[in-house]
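Close look at the chain arrangement
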Amino acid sequence: MRSEASGVGTQNEESSSSDDSRAGEALLANLLANTTELLSFYDSDFRLTHYAARLKRLYGGAVVPGAAIWEIYPSFLDTRCRDEFLRVFQGGSAASIDLPRSSGEAPRSVFVFGTADGVGIIESREQGERSAAQEQEHMILLHQATHDVLTGLQNRRRFGERLQQALAAIGGSQPKAALLQIDLDDFKAVNDTLGHGAGDTLLQLAAGRIRDALEDGDSAYRYAGDEFAVIQLGKEQPAEAERLATSLVNAFKDPFVINGIPVFVGSSIGIAFGPEHGTDGEQLMKAADIALYAAKTDGRGCARTFNRSMLLLLEQRENLRRSLRTALERGELYLDYQPLIRPPSSVIGFEALLRWRHPEIGIIPPGVFIPIAEADGLMDEIGRWVLEQACRQALAWPSALTVAVNLSPAQFLSGSLTDTVAQIIDAVGIRAERLELEITETVLLEKTIDNIDTLNTLNVLGIRISLDDFGTYYSSLSYLKNFPFDTLKIDQYFIADLETDLKSQTIVRSIISLAHGLGISVTAEGVETSAQARWLIKENCDYLQGNFMGRPLGSEATGDFIRRSPPKGLEAMEESNRAR
Ligand code: C2E
Ligand code: MG
Ligand code: MG
């Protein structure tokens, strides 16, 4: 049974690959019942797993599931045959092996090929006299054993073989082999929102785009789930691998149209070169994987080539991860509070922003450690602490002021969010209307139906809900129709260039009028200048937040800020910003 806690990403990969394997099993069963080939498959312990009906008819009782390969083919106990067989078994390419024969016996040979978890054998009795039909069937079998059913690209097993061969051939005329590890960005979101059928279609379309970008000397593989790889041989490196990576990244910029819906799914790529970054397949894959991780953390939709400093970053992350486990109990986490202003200048509340005071590194921003906490399953507990802490802090403020708390997707997935929130506001003794929860669209992408219920329940409790960072993710208008938002927070990306960029102005103006039309208030995030503030006020933006209005403050400084408020409008803020 799959566990709920194993993460939706893995579940999707599992279910999509289990669909593949069901299709593969059905094909195989059909083939085994009807083939005229003497075909058999063995697992990694050389035990019989599948066999053709004809083989059973010929060999009788020896052919039972679990039989050892030498019970069927005693010739494999012969040293020469065994060595040749083991070479294929250990990842070498498929080979034909002549079996020793006693006098008077017809010549026999076996064709041995690798499969995902062992080997397959086709016995041939009339060596050299295979019919055209047999030859064709032989080729189909070989294709099935080495290709991915869903996309038609070569499979993981073949990838391992080819990578090993490529590395072995390096030297002389073959200076470098390049490995490009490709991972789709946001594939999980497509599976979650549009279903696994759409996910499978996307993988097929993605495989097509990868295939189209290849040139002579490049070969593509579907490695697992939404992970693909390309091996490049005999090329001028690193130039050619980088060129291919750029064209692959660009190939994923156009939307995929699935069931008439345009879907944007980018690709991130990690590049490594053999023998420089690895002399065997495993080492090289690890290097490409680290480079892929760097591409993902550098904003995705890009390619990165492995270098040693990436190892250092990985090590730092590992260290952080280890100390994050105890950060909460050691009291190293704390909250800053950033004022939310109703124009021109009254404080209506604060947003709680989490920080980590690491004993050696110093203050670490949430963008660095929250993703680690989420990946390690710590965010539920940390999130609960943040909620309680922020609600307690709000009690120290005048009762008209609100406190906004950011929620991470992990808190939604735990299933107990509404209970937790209700318990905390009850235990702290704060009115529900004073609490505002900020969510991003990534929360909405997961398990959408459950999340509507959760948001509705929170809404019924009287808690306000705001949609954070609006404009940066999918910005699907259906969210605005289906969820009970009180406020929409326009991402600072659109605010930063308001003064100079007419497009940003148009977008912000449209978001404000759209939200107002739906009865939703608007907050502008990241307001840094008085010109931005003035423009937003002119356009009827309800609330402003940003360094110009007030930077995030320590809890003890919030009291002072409130006492000084309301200052004498924007002019006073300009004055105090100049003085700083
Ligand atoms: P956010 O919720 O959009 O918070 C606003 C971010 O913008 C904060 O960054 C804030 O310090 C920054 N900011 C505010 N005014 C300005 C400005 O004028 N200019 C610029 N350049 N930046 C400004 P911070 O504190 O680094 O937080 C980053 C993100 O981390 C937050 O984005 C939020 O998504 C997440 N986060 C913070 N605290 C928590 C938390 O307790 N739980 C969860 N789940 N996420 C949190
Ligand atoms: Mg926020
Ligand atoms: Mg935001």
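Since the structure is predicted, the reported quantities are computational estimates derived from the model, not experimental observations.

**Regarding the side chain of Asn155**
You can see Asn155 is positioned in the loop between α5 (132-146) and α6 (156-169). The buried category is assigned to Asn155, whose relative accessible area is 12%. Among the polar contacts listed, one links the side chain of Asn155 to the backbone oxygen of Ala145, at a separation of 3.0 Å. Setting aside residues up to four positions removed in sequence, Asn155 forms contacts with Ala145, Thr146, His147, Asp148, Tyr221 and Arg222.

**Quick look at the coordination of the magnesium ion (ligand 2)**
Binding of the magnesium ion (ligand 2) to the protein goes through Glu351 (OE), Asn406 (OD1), Glu438 (OE) and Asp468 (OD), at separations of 2.0 to 2.3 Å. Considered as a linear motif, the donors of the magnesium ion (ligand 2) on their single chain read E-x54-N-x31-E-x29-D. Taken as a pair, the magnesium ion (ligand 2) and the magnesium ion (ligand 3) show a spacing of 4.1 Å, with Asp468 coordinating each metal. Here Glu438 is found in strand β17 (residues 435-439), whereas its partner Asp468 is found in strand β18 (residues 464-470), with 30 residues between them in sequence. Taken as a pair, Glu438 and Asp468 share a single burial class, namely buried.

**A look at the coordination of the magnesium ion (ligand 3)**
For the magnesium ion (ligand 3), the full set of protein donor atoms is Asp468 (OD), Asp469 (OD), Glu525 (OE) and Glu525 (OE), at a range of 1.9 to 2.5 Å. For the magnesium ion (ligand 3), all donor residues lie on one chain, and their spacing in sequence is D-D-x55-E.

**A few points about the site of ligand 1**
Taken together, 23 residues surround ligand 1, and among them Arg355, Asp468, Glu525, Glu528 and Asn547 come closest. At 3.0 Å, a side-chain N or O of Gln492 approaches an oxygen atom of ligand 1. Alone, ligand 1 offers 800 Å² of accessible surface; in the complex the protein occludes 79% of this. Contributions of two or more residues to the shell around ligand 1 are made by β14 (346-358), α12 (366-375), α13 (379-395) and β18. With 4 residues, the top contributor of residues to the shell around ligand 1 is β14.

**Remarks on unusual backbone geometry**
With the exception of glycine, the majority of residues adopt a negative phi angle, and the majority of peptide bonds are in the trans configuration. The omega angle of the peptide bond from Gly274 to Pro275 is 5 degrees, so this bond is cis rather than trans. One can find Pro275 in the loop between β11 (267-274) and α10 (281-297). With omega at 0 degrees, the peptide bond leading from Pro343 into Pro344 counts as cis. Of note, Pro344 is situated in the loop between β13 (333-342) and β14. Positive phi, normally seen in glycine, also occurs at Asp186, with a value near 65 degrees. Judged by its relative accessible area of 29%, Asp186 falls in the partly exposed class.

Procedures and definitions
- Position numbers for residues start from 1 in each chain and track the written sequence from start to end.
- Following the order in which they are written, the chains are lettered starting with A and the ligands numbered starting with 1.
- Given that the model is predicted, a residue must reach a pLDDT of at least 70 before its local features are reported, and side-chain atom pairs must reach 80 or more before they are shown or counted; all residues, however, enter totals for whole chains, interfaces and linings.
- Calculated side-chain values reflect all of the structure's heavy atoms, with hydrogen atoms and water omitted.
- For the purposes of this entry, the term helix denotes a DSSP run of H or I that reaches at least four residues, the term strand denotes a run of E that reaches at least two, and both are numbered from the N terminus.
- Remark: exposure states derive from per-residue accessible area (1.4 Å probe, protein chains only) relative to the maximum for the residue type, with buried under 20%, exposed over 50%, and partly exposed in between.
- Pairing of N or O atoms within 3.5 Å defines a polar contact, subject to two protein rules: one partner must be a possible hydrogen donor and the other a possible acceptor, and residues neighboring in sequence count only if both atoms are side-chain atoms.
- Contact criterion: two residues are considered in contact whenever any of their non-hydrogen atoms come within 4.5 Å of each other.
- Each metal site is built from N, O and S donor atoms within 2.8 Å (3.2 Å for Na, K and Ca), and since water is not included, such sites may look incomplete.
- Nearness is defined per residue: one heavy atom within 4 Å of the molecule or strand is enough.
- Note on areas: Shrake-Rupley, 1.4 Å probe, and residue coverage restricted to the protein chains presented here.

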